[in-house]
Each structure stands twice: as structure tokens, then as C-alpha cells.
Amino acid sequence: MIPNPWLNGLVVGGAVLAVLMTLGALASWWERKFSARLQGRVGTTILGPWGILQPFADAAKMIQKEDLIPRDADRVLFYIAPLFPVTLVLGLAAVIPFAGYWADGVWHGAAMVADVDVGVLFVLALSGLMVFPLWMAGWASNNKYSLLAAMRAVAQGVSYEIPMVLAALVPVIASGKLSVTGVIAWQAEHGWIVARLPVVGFLAFVLFYLTSLAEANRIPFDIPEAESELVGGVITEYTGIKSGLFILSEYLHTLVASAVATGMFLGGGHVPGLAGLPIWAQVVISLAAMWFKTLALFVSIYWIRWSWYRFRSDQLMELCWRYLVPGGLGLVASTAVAVSLGWV
Amino acid sequence: MNLRQRDRINPHLDLDTVDAAADLMALNMGPQHPSTHGVLRIKLFLDGEVIIKAVPYPGYLHRGVEKLCERLTCVQLTPIFDKHDYVAPMTNEQALNIALERMLGVEVPRRARYMRTILAELQRLASHLLWLGTFTLDIGGTIGGGASLMMYTFREREPILDVFEMLTGARFHYNTHQVGGNRHDIPDGWAAAVKTCMDQLAARMPEYEEQCVTNSVFLMRTKGIGVIETPLALELGLTGPNLRASGVDLDLRRDAPFHAYDEIKVNVAVSNGCDTHARFEVRIAEMYESIRIVRELIDNVPEGPICSLKPVRTVNQIKLPEGKQMYTAIETPRGELGTWLIGGGAEKGACPYRLKIRPPSLHAMAALPYALVGHTVSDVVAVLGSLDPIMGEVDR
């Protein structure tokens, strides 16, 4: 949209950052209301209309809280660990086009911070890095629960990275593009991956969605922070805003993972009938469509969270290595065959 | 290491020394832990996440109740007994008062016995509802699906506490039983309130059961976990649902009737599964049975007096015979709650000389070292939750 990449990064980046941080905070309020409705409660009511200001009060509380560092903790790692998750997750959002428009018969991405040629690779690489802050926090805390949680987090993160990559390869192979914009442009032209590749596309979407749940530590895959077993998981020893950053990063991660899944499989901001409209109208509509799809996925993640139980860590590994990895390989192989035979 | 392996371990080993060569990690789970159902400490010796040895250390909630009983008169004891098993106070009161009545040879009027039966079954429902909620909370997570079911079961438990309040004026620590009968008679509209409450619960119970048994994760987390074989269960003195889930058909309501259980039929739920899921099944079946019993009895409460002795005026009104001793046990939601009573204590015999409580939860705790070995840290909370211990009762 804005020709100068620096200016674009500043303007769009700032906007994406502001929207995501606000939504991340609002997500915690929304989850409280949603879970309350699910459980026959009312949820937050006091602060603001329907208690909508509660997350800001929570943030103010967390900033005020005493910052405790356990004795014998690794102070340096303990300090820097909480900085990474939010940074990494916001980095993920940099390559997602939140809108788009038709120009000269080609779909262009808009409202994106950087159009990276290897956007998909960038997303997967940053997702893979998410394990590090958890391990840093778990190790530095000098707490056995944190350590167990960090062990689980690493095992889970490393294992689920593989089916996630395999699922992401399906749209990449089908479209022949490695940038998120490219994948979305291909989908705008040929149809969304979920529908364009019969069965395979849908299964790949489900696989990507499941592994995103695992990467974002959401039930049924929230083993690293299994609070009924491991007290608080890796954030057991963290207080105040440090634990707040971990919690915020999880909301953001769910949000961004939903956006990535939308871009890779649900056509991003593309909806039929946009061609021919003025560009500004296309951008507005596609922006709304993108957020609608993203938030629908986001809602379903929390719906699962509040109605399912939690796997045990060994069952989680079994599920990954026995079913998801071979399944992902099968999906990649069948996509490759379909593409080479010219069916797609 | 084979996860299914479950050799008999020797609980009398020197448990505080970790074998350095084995490279185990000792993890103190509790006493401050979100899912130890109060203040239980379990010392786990872990190889990775697999439990090599587990040692429960009860005692953090010890309040010296048995000693206290030697200084309080029989009339003063009932409210103390309310607070042992703070999830099922009604049956605790009954255990004490039946013990006193049998020692004194006091007959309880038929109306009071029917009322006690209804109250006991309602209390069983309330207690099992709380158990179901906390059990799924342990498996599903405080921030997750388990919390949803817990909210539902707590909502169902409220009307039961409301009917208790209608009868006794207290939601929880009732003090409604006394030697010879009950203190509070049934108020107007009580039967209708109980029936409404039961109808609601009977309509919703299948939903809650379904929410668990149709969930594959729930089944994966419970089946084959925490097996307590029949001989071990008998050896450790497990009672109640925990014993019946290990395949022993024993229920004091049917086998040693108290209250009005000799006049009605009690269908005892037994499972041969011996595992966490079997204990779940047995408790769910008991809840349906309790609903049936309450519905059957609520319309047939006979007329008549509710207490055979004159109302309590002074604390040392009831005197126990000197030197006489007796063991009485009733079936509470958690199992056989026994009271060993020796008469003729202080205050010229108004206090017991000795009162020993046999809490079912304490014996359930004894199964932990056997049931946990070979499983992972995640299973600790599932197995502990399925045994349904109440630490107030364990430590007294």
C-alpha cells in the first residue's frame, strides 16, 4: 500500500500492533464472559459496560504487583524470558496481509507490515522459537514444577512443529508460493484451499488448526501449564507484569495463529464478489472478512478450551507421532501427486 | 520402564532417602497445591515424569478432634462431628448419634429414622456432586472443560443445601441430630421442595454423565489408571465406592442396615474395573440410586414423634455407662465411617472416655503408594480425585 517499506512498517506495523494488543486484552475479557455464559455464570460486570474495562484493571494490577525473584534463580534468564513470547507472536503478525484487493486481475495483499517472500517459512520459524522462552522461564525459575512444565513444553513444541510444517506445506505445494500473500492470491484466483483440494485441503486445515492449539498451549494441549497438576506451569514463580506478559502472549498467539490459519486455508481477506468494486471498498470489506474468519476460529478455540479435558503428556506425544505426523505426510504426498498430475 | 507395571511396593522402606544412584527427582506435591483436595502432601520420586515411589503424608489438618471428644459431653459432640468430613456433615452427625444411641440402647422413632435416611441420601448426592465437579476439575483443568462441569455440579448442589436449610436452618453444619432422634421436624412444603430438586437433578444427571463418558480424553485419562486390585483393596481396608469399584459387593446400607435401610431395597453398584474409571462409574450409579431412594421415601415418611428422649436442656443430660465399649459403623458417601466409643469419661460419664473415629478417607489414602507407581505426574490428581478423600476427615 505505502511504497516506502520503512514508512509502511511504521504506519501499518503500528496499527497492527495497536489492534492486536487491544484485541489481546479484550480477548481475556471476552473469554471471561464466554466461559461464564457456558457455565451458567455472569462473568465480569462491574468495570465499564458488561465489565469490558476489566482487562485494563488487570493490567494495572499486574504492573503494581511486587516483582519477586526466587532465591537461587538464574536472574538474567528469569528477567529476559518474559520479553520473548509477546515479541515473537507480534513478529508472526508482520507477514500476514489483513486485507487485500484486486488490481489488474491479481490479488494484492494490503494492511501488512512486510511482504516477505518466504513468509510461510518465517511464520513456522517464529512459531518454533516459541519454545525457547518457555524453557528459559522453566529452567531459570529454579522450581520443580516449572522445570517439569518446561520439559513438557519443549517436547510438545518440538513434536507438534512437525505436523504443523507438514500441514502448512499443503497450501504451499498447491499454490507454488512461499509467501503468505502469494498463497492468498492463489486462493483468491483458484478458490480457498479448504474447498479447492477436496478432503485433503480440509484435513490439512484441521491438522494446522490442531497443531496451532498445541503451539499456543490451549486445551486439550495445554500440558505445559496444566494448573491442576503443575500449579502454574512455567509461570509458577513469575509475578506481576512478567506473568502478565506470558498470559498476554498466549491470547495473542491464539489470535495470530487463527489469522495465519485463515490466510493459509480460508483465503485470508478474500471473499467472492469483490472484483470491480473501488479499491478502498475492497480493502474495507476484505479487512472485515479477514477479521470475521479469524475471530470465528478464535471463538472455536475457546469453545474447545472450556468444554474439553486435558491430555496426559505421553498421550499427547502418542497422538502426535502415531497419528498426526504420518497423517501430515500422507496429506503432503497426496497434494504433491495431485499437483504433479495437474489436478489442482 | 513399563507404564503398566505395578509391583507391590514395601511402604515401610526408608522413604526420606533418595537413592542417589537412581537419579530420581523428589517432588513434594502439596501441601500447597491446587489439586490435593485440601492439605495433603504426597512425596513423589520421579524418573522423568514417571512415578517410582509415592508417599502420602497426611496430618496437616490435624485438629485433635478425638482428644477434644474426651472433654466435651455427648450433647456437645454433634457440632464437632459436623466438621470432620466437611463435605458430608449430615452423615457424620448420624455416625456419632447412632453410636451413642446403640450404646445407650435408645430406640429411634420410625419417623426420625425415615428422615435420617432421606437426609443421608441427599447428603450422598451433595457429596458426590462435589466429587464429580472436583474430579473433572483435576482432569480438565481449572481454566478449561473441567471447570465447566464443576460449575454445573455446584449449581445442582445448591438446591440440596437449600432443602437442608429449610429443615435445619443451616446450609452446612446442621447440628440436627441428637440422641434418640432428630431436632428439627419436617416443615411445610419440604417434601415438594425435595421432589422439585430431585426432578431437576434426575433430568440433568444424564447430561453430566454424558459429558464425561462420551469424551475420549476423559476415557483416556481414567481407564486403566490407578488400579487397586481386590485383594489389595481388602487388605488396605478400603470401603465405600472405592471398595465397590474394586469388585467387592459390600455396602453397609444393605449388609448392616441402620436408619430405615432395613425397610427399603438398596441396589448396590459394583464394578470390577478396579481403576479410576470404575470408581467414577460406581459413584455415578450411586447418585442415580440415591435419587431413586429419596423419591421413594419422601412421600412415605410416617407420622409420629421425631425424638424418643426429652429435648436437650443441659449439656450433661446424657450419661454413658461406665466401661462399656462399642464399635458402630455406618455407610457415608465415602465409605464406612466407624466410631469406637468407650463410655464413662469426664463430667460423671457425660463425656466419652475415648472416642476413636475410623475415617474411610484415611484408608483410601493408604492406597496411593500402590495406585500411583508407574503412572505420571498428571495421573496423581486423577487417581487422588477418584479416591475422593476429604482431608478434614483423614487428619481429624
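Visitor: Would you take a moment to explain the sheet that holds strand β8 (residues 354–358) of chain B for this structure?
Guide: Backbone-to-backbone hydrogen bonds join strands into a sheet, with any given pair of strands oriented parallel or antiparallel. Residues and elements named next belong to chain B. An order of β6-β7-β8 is seen for the three strands of this open sheet, with the pairing classed as antiparallel. Edge positions in the sheet fall to β6 (325–332) and β8, since each of these pairs with one other strand and no more. Ignoring strand direction, the axes of neighbouring strands in this sheet form an average angle of 15°. Relative to strand β7 (residues 335–342), β6 runs antiparallel, the two sharing eight bridges. Within the sheet, the bridge partner assigned to A329 lies in β7 and is G338.

Visitor: Before we go on, may I ask you to explain the packing of aromatic side chains in this structure?
Guide: The relative placement of two aromatic rings is captured by the distance of their centres and the angle of their planes. Enumeration according to the criterion identifies 25 aromatic pairs over all chains in this entry. Here A:F208 and A:F265 contribute two aromatic rings whose centre-to-centre distance is 5.4 Å and whose plane-to-plane angle is 50°, an arrangement assigned as tilted. Of the two residues, A:F208 is situated in helix α10 (residues 200–215) and A:F265 in helix α12 (residues 240–265); the sequence distance between them amounts to 57 residues. Classification of A:F265 as buried rests on a relative accessible area of 0%. Here the aromatic rings of B:Y152 and B:Y208 are separated by 5.9 Å at their centres, their planes lie at 10°, and the arrangement is stacked. With B:Y152 in helix α5 (residues 145–168) and B:Y208 in helix α6 (residues 190–213), this residue pair connects regions lying 56 residues apart in the sequence. Note on accessibility: B:Y152 and B:Y208 belong to one class, buried. One residue, B:K53, lies across the ring of B:F45, its end atom 5.5 Å from the ring centre.

Visitor: Sorry if this is basic, but what is going on with the side chain of B:N215 here?
Guide: Along the chain, B:N215 turns up in the loop between α6 and α7 (216–222). Look at B:N215 and you get buried, because its relative accessible area is 5%. Among the polar contacts listed, one links the side chain of B:N215 to the backbone nitrogen of B:V217, at a separation of 2.9 Å. Residues in contact with B:N215, not counting those within four places in the same chain, are A:S307, A:W308, A:Y309 and B:E210.

Visitor: Could you clarify how one ought to interpret the layout of surface pockets in this entry?
Guide: Using a probe with the size of a water molecule, rolled over the atoms, empty space left in the structure can be pinpointed. Approximately 1100 Å³ is the volume found for the largest pocket. In terms of lining, the largest pocket is formed by 45 residues, of which the most central are A:S28, A:M62, A:I247, A:L248 and A:Y251.

Visitor: Is there a simple way to explain the interface of chain B and chain A in this structure?
Guide: Interface size is often expressed as the accessible area that is lost when the parts come together. The interface of chain B with chain A comprises 43 residues on the first partner and 24 residues on the second. Between chain B and chain A, a total of about 2900 Å² is buried, with carbon and sulfur atoms accounting for 57% of that surface. For the chain B face of the interface with chain A, the top three residues by lost area are B:E49, B:I143 and B:V217, together amounting to 19%. Our enumeration of links across chain B and chain A arrives at two salt bridges. On the surface where chain B and chain A come into contact, there are 10 residue pairs in polar contact (both at pLDDT 80 or more). The element that contributes the greatest number of residues to the side of chain B that touches chain A is α5(B), accounting for seven residues. Classifying every residue of the side of chain B that touches chain A gives 21 nonpolar, 18 polar and four charged.

Visitor: What exactly am I supposed to notice about the sheet that holds strand β3 (residues 50–57) of chain B here?
Guide: Spatially, β1-β2-β3 (chain B) is the arrangement adopted by the three strands of the open sheet, whose pairing is antiparallel. Since the sheet does not close on itself, it has two edges, and those belong to β1 (25–29) and β3 of chain B, each with one partner. For this sheet, the mean angle separating the axes of adjacent strands, direction not counted, is 20°. In the packing of helix α7 (residues 144–175) of chain A onto the sheet, the strands contacted are β1 and β2 (41–47) of chain B, and the crossing angle to β1(B) comes to about 115°. Running over the sheet, helix α15 (residues 377–387) of chain B touches β1, β2 and β3 of chain B and is turned about 145° from β2(B).

Visitor: How do you make sense of empty space enclosed by the protein when you look at a structure like this?
Guide: Applying the stated criterion across every chain yields a total of six cavities of 30 Å³ or more. Empty space within the largest cavity amounts to approximately 170 Å³. In terms of lining residues, the largest cavity is bounded by 16 residues, among which A:M130, A:L134, A:E215, A:N217 and A:H253 are the most central. When contributions to the lining of the largest cavity are tallied by element, the ones reaching two or more residues are α6 (131–140), α7, α10 and α12 of chain A. Among the elements that line the lining of the largest cavity, the one with the most residues is α12(A), at four residues. As a volume, the second largest cavity reaches approximately 50 Å³. Put simply, the parts of the chain that give the lining of the second largest cavity at least two residues each are α2 (74–82), α3 (89–104) and β4 (177–178) of chain B. Ranked by residues supplied to the lining of the second largest cavity, first place goes to α2(B) with three residues.

Visitor: Explain the nonpolar core to me, please; I cannot follow it from the model alone.
Guide: Most often, soluble globular proteins keep nonpolar side chains buried together rather than apart. A:L20, B:L122, B:I160 and B:W190 are the most contacted members of the largest nonpolar core, which totals 153 residues. When residues in this core are grouped by element, the largest group, 14 residues, is from helix α4 (residues 110–140) of chain B. Membership of the second largest hydrophobic core comes to 48 residues, among which are B:I42, B:L236, B:Y370 and B:M391.

Visitor: I would appreciate a short explanation of a nonpolar patch on the surface in the present structure.
Guide: Residue and element names in this part refer to chain A. Residues V76, Y79, I80, L83 and F84 make up a contiguous nonpolar surface patch of roughly 460 Å² in combined accessible area. Considering every element that reaches the nonpolar patch, the biggest residue donor is helix α3 (residues 75–80), with three residues. Structurally, the position occupied by F84 is in helix α4 (residues 83–92).

Visitor: Is there a simple way to think about the pairing of β2(B) in this case?
Guide: The two faces of the sheet receive side chains in turn, since in a regular strand these alternate between them. All names here are of chain B. Counted residue by residue, β2 has six buried out of seven residues, so it is predominantly covered. For β1 and β2, the ladder comprises five bridges, and the chain directions are antiparallel. Bridge pairing links M25 to L46 in β2. Linkage of β2 to β3, two consecutive antiparallel strands, is achieved through a turn of two residues, within which G48 is found at a positive phi near 70°.

Visitor: Whenever I open this one, the packing of α12(A) against helix α13 (residues 279–305) of chain A confuses me. Can you help?
Guide: The description of two packed helices rests on the angle between their axes and on the distance between the axes. All names here are of chain A. In the contact formed by α12 and α13, the axes pass within 8 Å of each other and the chain directions differ by 125°. Relative to α13, the element α12 lies oblique. Between α12 and α13 lies a crossing whose hand is right-handed. Residue-level contacts link Y251, T254, L255, S258, A259, A261 and T262 of α12 to M290, K293, T294, L295, L297, F298, I301, Y302 and R305 of α13.

Visitor: Which parts of the structure should I look at to understand the side chain of A:Q282?
Guide: Position of A:Q282 among the secondary structure elements: in helix α13. For A:Q282, the residues in contact, after removing those within four places along its chain, are A:G100, A:Y101, A:W102, A:L274, A:A275, A:G276 and A:L277.

Visitor: Please clarify how the packing of helix α11 (residues 276–298) of chain B against α15(B) should be interpreted in this entry.
Guide: All names here are of chain B. At their nearest, the axes of α11 and α15 sit 9 Å apart, and the two run at 30° to each other. Overall, the two elements α11 and α15 adopt an arrangement that is roughly parallel. In the packing of α11 onto α15, the handedness of the crossing is left-handed. Counted together, T276, R279 and R283 of α11 and A382, V383, S386 and L387 of α15 form the full contact between these two elements. By residue class, the composition of the contact of α11 with α15 is three nonpolar, two polar and two charged.

Definitions and limits used
Starting afresh in each chain, residues are numbered from 1 along the sequence in its written order. Working convention: letters from A go to chains and numbers from 1 go to ligands, in the order in which they are written. In view of the model being predicted, local features appear only for residues whose pLDDT reaches at least 70, and side-chain atom pairs are presented and counted only at 80 or more, with totals across whole chains, interfaces and linings using the full set of residues. Hydrogens and water molecules were not included; the side-chain quantities draw on all heavy atoms of the structure. Two strands are counted as paired when DSSP detects at least two bridges linking them. We count a stretch as a helix when DSSP gives it H or I for four or more residues in a row; a strand needs E for two or more, and each element gets its number in order from the N terminus. Axis angles are defined between N-to-C directions and span 0 to 180 degrees, where every axis is a line fitted to C-alpha atoms and, for a helix, only to the segment in contact. Stacked, tilted and edge-to-face pairs are distinguished by plane angle, under 30 degrees for stacked and over 60 for edge-to-face with tilted covering the rest, among Phe, Tyr and Trp rings (Trp via its six-membered ring) whose centres lie within 6.5 Å. Only protein chains enter the accessibility calculation, which uses a 1.4 Å probe. A residue is then buried if its area is under 20% of the maximum for its type, exposed if over 50%, and partly exposed in between. We call a charge positioned over a ring when the NZ of a Lys or the CZ of an Arg lies within 6 Å of the ring centre and within 35 degrees of the ring normal. For this analysis, a polar contact is any N or O atom pair within 3.5 Å, provided that within protein one partner can donate a hydrogen and the other can accept it, and provided that sequence-adjacent residues contribute only side-chain to side-chain pairs. What makes two residues a contact is simply this: any of their non-hydrogen atoms within 4.5 Å. Using a grid of 1 Å spacing that covers the protein atoms alone, one calls a set of points a cavity when a 1.4 Å probe fits there but cannot get out, and a pocket when the set is open and has protein on both sides within 12 Å along at least five of seven lines; lining residues are those with an atom within 4 Å of a point. Grid points are joined across faces, edges and corners, and a volume is the space filled by probe spheres set on the points. Here the quantity called buried area is the total loss of accessible area, with a 1.4 Å probe, experienced by two parts when brought into contact, counted for both. A pair is scored as a salt bridge if a Lys or Arg side-chain nitrogen falls within 4 Å of a carboxyl oxygen belonging to Asp or Glu. Any residue outside Ala, Val, Leu, Ile, Met, Phe, Trp, Tyr, Cys, Pro, Asp, Glu, Lys and Arg is labelled polar, Gly included; the first ten of those are nonpolar and the last four are charged. In this text, buried Ala, Val, Leu, Ile, Met, Phe, Trp, Tyr and Cys residues form a nonpolar core when linked through side-chain atoms within 4.5 Å. Like charges within 9 Å and nonpolar side chains (Val, Leu, Ile, Met, Phe, Trp, Tyr) within 5 Å are joined into patches, using only residues over 30% in relative accessible area that form no salt bridge. Computed with a 1.4 Å probe, the accessible areas rest on the Shrake-Rupley method; for each residue, only the protein chains presented here act as cover. Throughout this description, any angle smaller than 35 degrees is read as roughly parallel, any larger than 145 degrees as roughly antiparallel, any in the 65 to 115 degree range as roughly perpendicular, and the remainder as oblique. Left-handed describes a crossing in which the near helix is turned anticlockwise from the far one by less than a right angle; the clockwise case is right-handed.

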